[in-house]
Amino acid sequence: MSSLASAWKNLGKNAEAEQLEIEVLNLRKRVLGLEYPDTLQSMADLAISYTNLGKHTDAEQLKIEVLDLQKRVLGEEHPATLRSMANLAISYSDLGKHTDAEQLKIEVLDLRKGILGVEHPDTLQSMADLASSYTDLNKHKDAEQLNIEVLDLQKKVLGEEHPATLRSMANLASSYLDLGKYTDAEQLKIEVLNLQKRVLGLEYPDTLQSMADLAISYTNLGKHTDAEQLYIEVLDLQKKVLEEEHPDTLRSMANLAISYTNLGKHTDAEQLNIEVLNLQKRILGNEHSDTLRSMNNLAISYKYLGKHTDAEQLYVEVLDLQKRVLGEEHLDTLRSMANLAISYTDLGKNTDAEQLNIEVLNLQKRVLGEEHPDTLRSMANLAISYTNLGKHTDAEQLNIEVLNLQKRVLGEEHPDTLRSMANLAISYTDLGKHTDAEQLKIEVLDLRKRILGLEHPDTLQSMTDLASSYTDLNKHKDAEQLNIEVLDLQKRVLGEEHPGTHQSMVNLAISWKNLGKHMDAEQLNIKVLDLQKRFLGEEHPNTLWSVASLAVSYTNNETQDTQDIHDNNFFDSNDWTFVDRILGNEQLDTL
């Protein structure tokens, strides 16, 4: 019976495994007694099923019970007892108790080193587990160093092609990713994947996971088409090997939806996110962490489709569930609060966004510490709220504080640090410090070209930002040339259908208008509007904004016959009703 439960787990049928393990446990308690080793093993197996089902508090409680019994029956240094300590540490991590997890993992590691020796596989696993806690606590440099140490030992003890060695290589690649070493991470993940394909086979679970990990690297490097193609390949394999309703298969569907979002395929992303969410609710339950994550992903799709009210409502629902299931101070709960604040911003509720960002920031400072990346991100979000409320000096001061912290904590070339430099440049612009903004934007662009490459979305954004500064400084010819370069790159990298490409077309039209090329600007705005109506829909905020911009263009163009405005098939008086209905008559874009 226990073997069948294990088989169900491997198939992702965790609810069936849970029911059978409860039956096995009750039988063993009655026949063998509570303290018999097989009974204790059944308790440990059931705790793992609780974890797989997202019942992290139940798992924690059962693991504590198992550990207490094993300490009394087997002794504190028995391998089974140490294994239970390691399992309990995993539950602490799942519940966001990362400091408790770290301390327990250090204790397990010290015991295993003393009892089993530094080269024993269980000791090496403990080192890898501790590195994972370092990652959770954003001690990425410590995690990197420990992962390197584990990898060197495993190569010596187990061999370069052992599955555990390959897993350690993947862990080290993840550390590179956390440290912003995206190219190093990509190269190591490719090496791991090639080895796993040769040693384990294409359909082995570790190989599939490595394919998914490599797709994440592609995403971080802005290679969204490569990421999409690899996620599709992983998903097709998982459907064949694991079945369509396996949790890993559903996770790959969610990842593919993220790729659709990155490629501007927001309707496709929305549809796939809805499909994933419905499956996860049925298979995993409404309160499982994967289900909550999918609700969050669907809210992001709503946001990009301009359905800001739907996004807000879903963020509120996710937040309420996470507060109840995970607790108010869990990392995921705090992130959902930050997402809700962004939703308030999208709806023009800037005061509400400011207040919630302050609340999130205070919680993160207390729970995570002032130097945690999430805390620094919340400081940046609060600075955006200050900007939206016209508190430009406050935004500037906070952006400077964030930047100084990130330079010290993450390093001067980390992508988050570069993002903060870009935010500070925006504050300079808002304060009329256009020369300072231009200089800082040039610095950010040069760094991003070198670190991320010319075609990375962040690099393209920096080019757009710099063109904006050229406009502010009346360097309209320079702005035009840079906007043309950005547009050509985006058409090639993102495609003409991507919203980012549409925005670049709008920016170029502005440059042409500033240079007196009014007819060129008007024709390009008409093309943008046609694309937005076709790919975003007539009621999307971006489409409505283009309607308004084109109307202003007609009004300001003295050669435009008034009758042409009414005859134009791109918009009519009903579009203004759409503006009020979709955005709300107090939203900034409506005003």
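Note on numbering: residues in each chain are counted from 1, in written sequence order. At least 70 in pLDDT is required for a residue's local features to be given in this predicted model, at least 80 for side-chain atom pairs to be given and counted, and no such filter applies to totals for whole chains, interfaces and linings, which use all residues. Side-chain figures throughout are based on the complete set of non-hydrogen atoms in the structure, without hydrogens or water.

(A) Representation of unusual backbone geometry in the model. The backbone phi angle of Asn138 is positive, close to 60°, even though this residue is not glycine. Helix and strand definitions here come from DSSP, where helices need a minimum of 4 consecutive H or I residues and strands a minimum of 2 consecutive E residues; each element is numbered from the N-terminal end. If you trace the backbone, Asn138 turns up in the loop between α7 (121–136) and α8 (140–157). A relative accessible area of 23% places Asn138 in the partly exposed class. With a phi close to 60°, Asn474 is a non-glycine residue in the positive phi region. Each residue is assigned to one of three classes by its accessible area relative to the maximum for its type, calculated with a 1.4 Å probe on protein chains only: buried under 20%, partly exposed between the two thresholds, exposed over 50%.

(B) Local environment of a nonpolar patch on the surface. Patch definition: residues with relative accessible area over 30% and no salt bridge; like charges joined within 9 Å; nonpolar side chains (Val, Leu, Ile, Met, Phe, Trp, Tyr) joined within 5 Å. For accessible areas, the Shrake-Rupley method is used with a probe of radius 1.4 Å. Any residue's cover is judged against the shown protein chains and nothing else. Salt bridge criterion: a side-chain nitrogen from Lys or Arg within 4 Å of a carboxyl oxygen from Asp or Glu. Together, Val31, Leu32 and Tyr36 make up a nonpolar patch on the protein surface, roughly 280 Å² of accessible area in all. For Tyr36, the position within the fold is in the loop between α2 (14–31) and α3 (37–52). The exposure class assigned to Tyr36 is partly exposed, which follows from its relative accessible area of 40%.

(C) Main features of helix α6 (residues 98–115). Working rule for helices: expected span equals 1.5 Å times residues minus one. Over its 18 residues, α6 extends 25 Å from the first C-alpha to the last, a length consistent with the 26 Å expected when each residue adds 1.5 Å. Burial in α6 covers these residues: His98, Ala101, Glu102, Leu104, Lys105, Val108, Leu109 and Arg112. Contacts are assigned to residue pairs that have any heavy atoms within 4.5 Å of one another. Each element contacted by the buried residues of α6 is listed here: α5 (79–94) and α7. Positive phi shows up at Gly117, right after α6, with a value of about 95°.

(D) View of the pattern of salt bridges. Here the structure, examined in full by the defined rule, presents 36 salt bridges. Note that Lys349 is salt-bridged to Glu312, the shortest N-O span being 2.8 Å. Of this pair, Lys349 sits in the loop between α17 (331–346) and α18 (350–367) while Glu312 sits in helix α16 (residues 308–325), and the two are 37 residues apart along the sequence. Through salt bridges with shared partners, a single ionic network connects Arg335, Asp374, Arg377, Asp416, Arg419 and Asp458.

(E) Region of interest: the confidence of the model for the chain. Confidence scores here are pLDDT values: one per residue, from the predictor, ranging 0 to 100. A residue-level look at the chain finds 91% of positions with pLDDT of 70 or above and a mean pLDDT of 88. Overall, residues 558–591 carries pLDDT values under 50, and its contacts beyond four positions in sequence, including any with other chains, amount to 46 contacts.

(F) View of a negative patch on the surface. Charged residues are defined here as Lys and Arg on the positive side and Asp and Glu on the negative side; His and the ends of the chain fall outside this count. Charged side chains are reduced to one point each, which is NZ for Lys, CZ for Arg, CG for Asp and CD for Glu. A contiguous patch of negative charge on the surface is contributed by Glu76, Glu77, Glu107 and Asp110. Relative to the helices and strands, Asp110 resides in helix α6.

(G) The packing of aromatic side chains, seen in detail. Here is the rule: rings of Phe, Tyr and Trp (six-membered ring for Trp) pair when centre to centre is within 6.5 Å. Planes less than 30 degrees apart are stacked, more than 60 are edge-to-face, and the remainder are tilted. Following the criterion strictly, the structure yields 0 aromatic pairs and no others. Note on geometry: a ring has a charge over it if NZ (lysine) or CZ (arginine) is within 6 Å of the ring centre and within 35 degrees of the ring normal. Its guanidinium or amino end placed over the ring of Tyr304, Lys303 lies 6.0 Å from that ring's centre, counting from NZ or CZ.

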